Amino acid sequence: MGAFLLLGGAVVAGVFTVAVLRRERPSEIALLLGLTRWAVFAVSVGLLVTIGLGLWLVEHVGYDWGDAWIVASLALWVLAGFLGDRGGRQQRETRALAERLAADGDQPSAELSERLCDPVALAMNWSSGLVAVAILGLMIWKPGA
Amino acid sequence: MVALVRPDSWNLPLFLHVLGAVVLVGATAAVALAATRSRESLLLRRLAFWTLATVALPAWVLMRVTGQWTESREDIPGDPGWLGVGYIVGDAGLIVLLAATFAGWWSTRKPDRRWPAQTVTVLAAVYLVALLVAVFAMSGKPE
């Protein structure tokens, strides 16, 4: 269930992120980025549940803590959290700018468009999701177990 | 316990099945969120419709086809309840998704009418709950 919250939340965020790239009006951008807050909540809870229950499961089932797939999964979990946090921060700032612009005439803004299409922020957000998919793969294949 | 000792040949179909299910859950949640807020927003109605048509339905196909593929590999004995829940939610889900997609399309065509968007909201929310029940049943495999 934790994995579904994490990855399902990432899909929700992905849907709204793709949709927002096509918009120019600040009010529409603010509306779509506002909806991603639910996705961020789901991803955050998913991250906590997966690490909490994942660590318990390693102990409960009796896996070796030194197994390559467990070490790699933990490293990727940290990476996914880091990338998602950095990308999410950028998105929060963009949403705040969109809300200000929406209240101030709701005219398209070059600065807002630039922020939305910032390749570094987009790369971090998408990479975070791909890393989460890689963790899912490790959980199923368990290489080295 | 089966998940802990399964042969390698089961992994690819299982991975794709879970991936399809995850994307389906996420897409359905996105549709429910967008449709809930779409009363005055044609943008959100269009987003709900296009998410159903381009993300949720393909994810359902991936989930359903690879689910069947996984079952053919595992040859699960008997008729366990968790598998039945998966089949019911999976197969009935296609009807729900198609109905929601049609209502979503109608809501973009007739923006002055509320009921199509409300229908999408209800169908997506009900299906999301059903999917989460199926996820719980299929991952926990209670007797």
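Residues numbered from 1 in each chain as written. Chains lettered and ligands numbered in written order. Predicted model: local features only at pLDDT ≥ 70, side-chain atom pairs only at ≥ 80, totals over all residues.

Help me out: how do you make sense of the overall build of chain A in this one?
Summing up its helical and strand segments, chain A has five helices and zero strands in all. Sequence-ordered secondary structure for chain A, helices as α and strands as β, is α-α-α-α-α. For the C-alpha atoms alone, the extent of chain A along its principal axes is close to 60 × 25 × 20 Å. Per-residue burial over chain A gives 37% buried out of 145 residues. Pairs at least 24 apart in sequence give 83% of the contacts found in chain A among residues at least 6 apart. (Helix = DSSP H or I, 4+ residues; strand = E, 2+ residues; numbered from the N terminus. Buried ≥ 20, exposed ≤ 12 C-beta atoms within 10 Å, placed from the backbone. Contact = placed C-beta atoms within 7 Å.)

Which parts of the structure should I look at to understand the overall build of chain B?
Scanning chain B for helices and strands turns up five helices and zero strands. Moving toward the C terminus, one meets the helices and strands of chain B in the order α-α-α-α-α. With respect to the principal axes defined by its C-alpha atoms, chain B has extents near 55 × 25 × 20 Å. Split into buried and exposed, the 143 residues of chain B put 41% on the buried side.

Can you walk me through the interface of chain B and chain A in this structure?
Interface size is often expressed as the accessible area that is lost when the parts come together. Counting residues at the interface gives 23 residues for chain B and 21 residues for chain A. Its residues assigned to classes, the side of chain B that touches chain A shows 18 nonpolar, four polar and one charged. (Nonpolar A, V, L, I, M, F, W, Y, C, P; charged D, E, K, R; others polar.)

Help me understand the environment of Gly9 of chain A, please; the structure alone is not making it clear to me.
The residue Gly9 of chain A is located in helix α1 (residues 2-21) in this model. Along the sequence, Gly9 of chain A and Trp126 of chain A sit 117 residues apart, while their C-alpha atoms lie 13 Å from each other. Those residues in contact with Gly9 of chain A that lie beyond four places of it in its chain are Ala39, Ala42, Val43 and Gly46 of chain A together with Gly26 of chain B.

Got a minute to help me understand the packing of helix α3 (residues 42-74) of chain B against helix α4 (residues 81-109) of chain B in this structure?
The relative placement of two packed helices is expressed as an angle between their axes plus a distance between the axes. Residue and element names in this part refer to chain B. Put simply, α3 and α4 touch, their axes get as near as 9 Å, and they point 155° apart. Our classification of the angle between α3 and α4 gives roughly antiparallel. Crossing of α3 against α4: the hand is left-handed. Looking at the contact of α3 with α4, its residues break down into 13 nonpolar, eight polar and three charged. (Axes fitted to C-alpha atoms, helices over the stretch in contact; angles between N-to-C directions. Parallel < 35°, antiparallel > 145°, perpendicular 65-115°, else oblique. Left-handed = near helix turned anticlockwise from the far one by under 90°.)

I tried to follow the nonpolar core on my own but got confused; where do I start?
Within soluble globular proteins, side chains that are nonpolar tend to cluster in buried spots. Counting residues in hydrophobic clusters, the biggest one holds 73 residues, and the most contacted among them are Val12 and Phe16 of chain A together with Leu24, Ala27, Ala30 and Val31 of chain B. Counting residues per element, this core draws most heavily on helix α2 (residues 11-36) of chain B, at 14 residues. Beyond its immediate sequence surroundings of up to four residues, Val31 of chain B is in contact with Ala48, Thr51, Leu52, Ala56, Ala100, Val120 and Ala124 of chain B. (Core = buried A, V, L, I, M, F, W, Y, C linked by C-beta atoms within 7 Å.)

What is the right way to look at unusual backbone geometry in this model?
Note on backbone geometry: most residues besides glycine have negative phi, and most peptide bonds are trans. Residues and elements named next belong to chain A. Its identity as a non-glycine residue notwithstanding, Asp106 has a phi of 55°, on the positive side. Structurally, the position occupied by Asp106 is in the loop between α3 (68-103) and α4 (110-116). Take Asp106: there are 14 C-beta atoms within 10 Å of it, and that puts it in the partly exposed class. The backbone phi angle of Lys142 is positive, close to 45°, even though this residue is not glycine. Relative to the helices and strands, Lys142 resides in the segment after α5 (119-141). Of the residues examined, Lys142 has 19 C-beta atoms within 10 Å and is grouped as partly exposed.

What exactly am I supposed to notice about α3 of chain A here?
Three- or four-residue spacings in an α-helix give side chains the same orientation, since the helix completes a turn every 3.6 residues. All names here are of chain A. The terminal C-alpha atoms of α3, which comprises 36 residues, lie 52 Å apart, in line with the 52 Å expected from a rise of 1.5 Å per residue. Within α3 the residues assigned to the buried category are Ile70, Ser73, Ala80, Leu83, Gly84, Gly87, Gly88, Gln91, Thr94, Arg95, Ala98 and Leu101. Looking at the packing, one finds that the buried side of α3 touches α2 (26-61), α4 and α5. Following α3 by one or two positions, Gly105 has its phi on the positive side, about 105°. (Expected span 1.5 Å × (residues − 1).)

Help me out: how do you make sense of the packing of α2 of chain B against α3 of chain B in this one?
All names here are of chain B. Relative to each other, α2 and α3 sit at 155°, their axes nearing to 7 Å. Relative to α3, the element α2 lies roughly antiparallel. Crossing hand, α2 versus α3: left-handed. Partitioning the contact of α2 with α3 into residue classes produces 22 nonpolar, seven polar and one charged.

What am I meant to see in the confidence of the model for chain B here?
Parts of the model with low pLDDT should not have their predicted coordinates read in detail. Model confidence for chain B is summarised by a mean pLDDT of 88, while 94% of its residues fall at 70 or above. Two numbers describe this predicted complex: its pTM, 0.90, and its ipTM, 0.90. (pLDDT = per-residue confidence, 0-100.)

Quick question: what am I supposed to make of the environment of Gly14 of chain A here?
Note that Gly14 of chain A resides in helix α1. For Gly14 of chain A, a count of 20 C-beta atoms within 10 Å gives the class buried.

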